[in-house]
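# Observations on chain architecture
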Amino acid sequence: MQDPFISFEKVSKSFGTFNVVDELYLSISRGEFVSMLGPSGSGKTTILMMLAGFEKPTSGKIFVGGRQVDALPPHKRNMGVVFQNYALFPHMSVAENVGFPLKMRRMPRAEADGRIKRALDMVQLGTMSERRPSQLSGGQQQRVALARALVFEPEVVLMDEPLGALDKKLREQMQLDIRELHRRLGLTIIFVTHDQGEALTMSDRIAVFNHGKIEQIGKPSEIYDHPTTRFVAEFVGETNLIMGTIKQSGDGRAIIQLPSGSTLEASAPNLNAGTQVSLSIRPERIRSGKAQAPANILSGTVRDVVYHGDHLQLLLDADGHQLLVRSDRAVKAPEAGQKMDFSFAPEDCWVVAQ
Amino acid sequence: MNGLNVAKVVFGAAIMFFLLAPLIAILPLSFTDSVFLNYPIPAYSTRWFNELVTADVWRRSIVNSLIIGSGTTALATVLGTLGALGLRNHASFWSLSFIRTAFLLPMVVPAVVLGVGMQLMFARYNLTNSYLGVIIAHTVLAVPFVVINVLSVLQAIDPRLEQAAASLGAHPVTVLARVTLPLALPGIISGAVFAFATSLDEVVLTLFVAGPNQRTLARQMFSSIRENISPAIAAAAFVFIVGTIFVALILILSRKSLARR
């Protein structure tokens, strides 16, 4: 990785005796789109607020572009911030809202007007410039907030759950819009969310937070396919966890012994025999029937079949485990109570630390 | 309509009557032709309004009320707004909640007690018998109204608006001038109106600290009731009430135009 553009060095933040952020190290390159994913209270918003300057770290240092910023007041940091509730100024028109950062920079009127117009056109709100924020829909307000955070061409854009208040369809449209803007303008974006789907579709890298610490950081595919901890496996996407002990391991594979006595083969780092582990298998990786060999085969009883429109979700009792299976609509739907065989390939299940 | 609703209407009407009856009793007397303040009214005239604007004592007292009222409004609005800004968002700090209570104290302390204290203190600093003294005394009473009004709008402002302004490059002073104060304006205006109204009908402190040159309208009404009851008092009351309604109208209209923005 090139020289980091933003870096957190051993940054901690505590309120009273409670550590919200605990000795965080994090480096972000210029032009990167990094999502901070985690449940509420995991410290992700606090990290964003420290980067924006609204909170001061209890200890540690924050660098942006080689300059230490943690003592700098927010108005000198030159970062665009998009808030969850948009934080548009209700007493100003859309154009005045977008023009605010330009006015603060004493930009000449003519140049500022041109920039405001381009920014509003970029978010397809060119015709709304004279309206008040209260006269706009949630999605339009969000786009104004985006235009306002981008119009002064900041190097870093911070987004705090910006799509949280939008309905599903609009949210997906905005995800694509933001990703497109990121690519086109070469922005460095730090995006806080608790929605794993959003993080997976938009980011270059995802940092999964839990209790003020990074559980895992990596590309979306790494996070989803190879979670390193049980928390990440459960938080990002749906998964089945099966507990067992390592019987033998090596060469990226491991044989895991289940409490029932049967064994499963899985992808795994090298681990000592006897280590207690969990196996993570995504519901969509489990197939009905004894398909591809060599494979892990489980047989069980269908407990419940849930209709999801584009797919079916099966709840399966197998070997004392409850498994979720995502079943294609093309396959004939099984019925509750039916006995079935299921299989999954060793490369599709992954060993995570207990 | 069921029994409960009838009871509500009757009760409401009774309260309205209780509040308005004294006004309805006194106001028509301001248009009397007689020199006595009693019914029945023999003939109608505007002679007592003439008296109000021509008689020196009444005219001066009206001017004094306006001078002292505006001075109080300006001073109390500035001080109260600053106080509210300082007290904002610190509810959990015990020392600040103590200060907040102290700010509201003039509303609770008997005016006579305040008046005696002020008279003693003002005498030391040569403030008795001066406009400034009366304005300061009225400001002490008016500040709590401004603090309460401004504090309640400030607490309703989303702090993220100010954070957003800062992140967009606004210096804290600019944030205050362009975001916080414009959003707090409705509260500041109603605080100012309350301050003016407080000064307008304040009598007790005025008795203690004002000299003969600072007789306000309320003070003049008070003494003329004791000395010679004349329908001029009713006329003064009429002016008073019309003035108050006028100020209230300004308040409502400015609220509406702010809300429309």
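Given the structure is predicted, the values throughout are model-derived calculations rather than measurements.

Moving on, we get to the interface of chain A and chain B. Listed as interface residues are 22 residues of chain A and, on the opposing side, 19 residues of chain B. Here chain A meets chain B over a buried area of about 1900 Å², counting both sides, of which 68% is carbon and sulfur. Area buried by chain A at its contact with chain B is led by His75(A), His91(A) and Met104(A), which between them contribute 30% of it. For the interface between chain A and chain B, the tally reads four residue pairs in polar contact (both at pLDDT 80 or more).

Quick look at a nonpolar patch on the surface now. Together, Phe11(B), Ile15(B), Met16(B), Phe18(B), Leu19(B), Leu20(B), Leu23(B) and Ile24(B) make up a nonpolar patch on the protein surface, roughly 840 Å² of accessible area in all. On the secondary structure map, Ile15(B) appears in helix α1 (residues 3-26).

Take the pattern of salt bridges next. All names here are of chain A. Evaluation of the coordinates by the stated rule reveals 21 salt bridges over all chains. Here Asp121 ties to Lys117 by a salt bridge, and the two come within 3.0 Å at their closest N and O atoms. Note that Asp121 and Lys117 are positioned in helix α3 (residues 109-122) at a spacing of four residues, about one turn of the helix. Its relative accessible area of 39% is what places Asp121 among the partly exposed residues. Judged by its relative accessible area of 54%, Lys117 is exposed.

Any two aromatic rings considered together are summarised by their centre-to-centre distance and by the angle between their planes. Throughout the structure, instances matching the rule amount to eight aromatic pairs over all chains. Ring geometry for Phe89(A) versus Phe100(A): centroids 4.9 Å apart, planes at 55°, classification tilted. Linking Phe89(A) in the loop between β6 (79-82) and α2 (94-104) with Phe100(A) in helix α2, this pair joins segments that are eleven residues apart in sequence. We classify Phe89(A) as buried; its relative accessible area is 0%. What makes Phe100(A) buried here is its relative accessible area of 2%. Judged by centre distance (5.8 Å) and plane angle (5°), the rings of Phe145(B) and Phe194(B) are stacked. Within this pair, whereas Phe145(B) is found in helix α6 (residues 131-156), its partner Phe194(B) is found in helix α8 (residues 172-200), the two being separated by 49 residues in sequence. Site record: aromatic cluster; members linked through ring pairs are Phe31(B), Phe49(B) and Phe238(B). Sitting above the plane of the Phe89(A) ring, Arg148(A) keeps its charged end 4.7 Å from the centroid. The ring of Tyr224(A) carries the charged tip of Arg282(A) above its face, separated from the ring centre by 4.0 Å.

All names here are of chain A. With respect to the helices and strands, the residue Arg282 is situated in the loop between β14 (276-281) and β15 (287-288). As a buried residue without a salt bridge, Arg282 has its nearest oppositely charged side chain in Glu284, at a separation of 5.4 Å. Among the polar contacts listed, one links the side chain of Arg282 to the backbone oxygen of Val236, at a separation of 2.7 Å. In terms of polar contacts, Arg282 uses its side chain to reach the backbone carbonyl oxygen of Glu238, at 3.1 Å. Excluding anything up to four places from it in sequence, Arg282 contacts Ile223, Tyr224, Pro227, Ala233, Val236, Gly237, Glu238, Thr239 and Asn240.

All names here are of chain A. We note that the domain assignment places domain 1 (6-230) and domain 2 (238-353) within chain A. Once you take the C-alpha centre of each, domain 1 and domain 2 turn out to be 38 Å apart. Across the boundary between the two partners, domain 1 contributes eight residues, which contact ten residues of domain 2. Approximately 790 Å² of surface area, both sides summed, lies buried where domain 1 meets domain 2, with 48% of it carried by carbon and sulfur atoms. Its largest share of buried area at the contact with domain 2, domain 1 owes to Tyr224, Pro227 and Arg230, together 67% of the area lost on that side. In this assembly, domain 1 and domain 2 are joined by three residue pairs in polar contact (both at pLDDT 80 or more). Ranked by the residues each element gives to the side of domain 1 that touches domain 2, the list is headed by helix α7 (residues 220-225), at three residues. Tallied by class, the residues present in the side of domain 1 that touches domain 2 amount to three nonpolar, three polar and two charged.

Right, let's get into the sheet that holds strand β16 (residues 296-307) of chain A. Residue and element names in this part refer to chain A. Judged by pairing direction, the sheet is antiparallel, and its five strands sit side by side in the order β15-β19-β16-β17-β18 without closing on themselves. Each end of this open sheet is capped by a strand with a single partner; those strands are β15 and β18 (321-328). As defined by bridge partners, β15 adjoins strand β19 (residues 339-344) across two bridges and the pair is classed as antiparallel. Paired with Arg287 across the bridge in β19 is Ser343.

Cut-offs applied
- Residues numbered from 1 in each chain as written.
- Chains lettered and ligands numbered in written order.
- Predicted model: local features only at pLDDT ≥ 70, side-chain atom pairs only at ≥ 80, totals over all residues.
- Heavy atoms only, no water.
- Contact = heavy atoms within 4.5 Å.
- Buried area = accessible area lost by both parts, 1.4 Å probe.
- Polar contact = N/O pair within 3.5 Å; in protein donor to acceptor, adjacent residues only side chain to side chain.
- Patch = residues over 30% accessible without salt bridge, like charges linked within 9 Å, V, L, I, M, F, W, Y side chains within 5 Å.
- Areas by Shrake-Rupley, 256 points an atom, 1.4 Å probe, with all protein chains shown as cover.
- Salt bridge = Lys/Arg side-chain N within 4 Å of Asp/Glu carboxyl O.
- Helix = DSSP H or I, 4+ residues; strand = E, 2+ residues; numbered from the N terminus.
- Buried < 20%, exposed > 50% of the residue type's maximum accessible area, 1.4 Å probe, protein only.
- Phe/Tyr/Trp six-rings, centres within 6.5 Å; stacked < 30°, edge-to-face > 60°.
- Lys NZ or Arg CZ within 6 Å of the ring centre and 35° of its normal.
- Lys, Arg positive; Asp, Glu negative; His and termini not counted.
- Domains from an automatic or database assignment.
- Nonpolar A, V, L, I, M, F, W, Y, C, P; charged D, E, K, R; others polar.
- Pairing = 2+ DSSP bridges.

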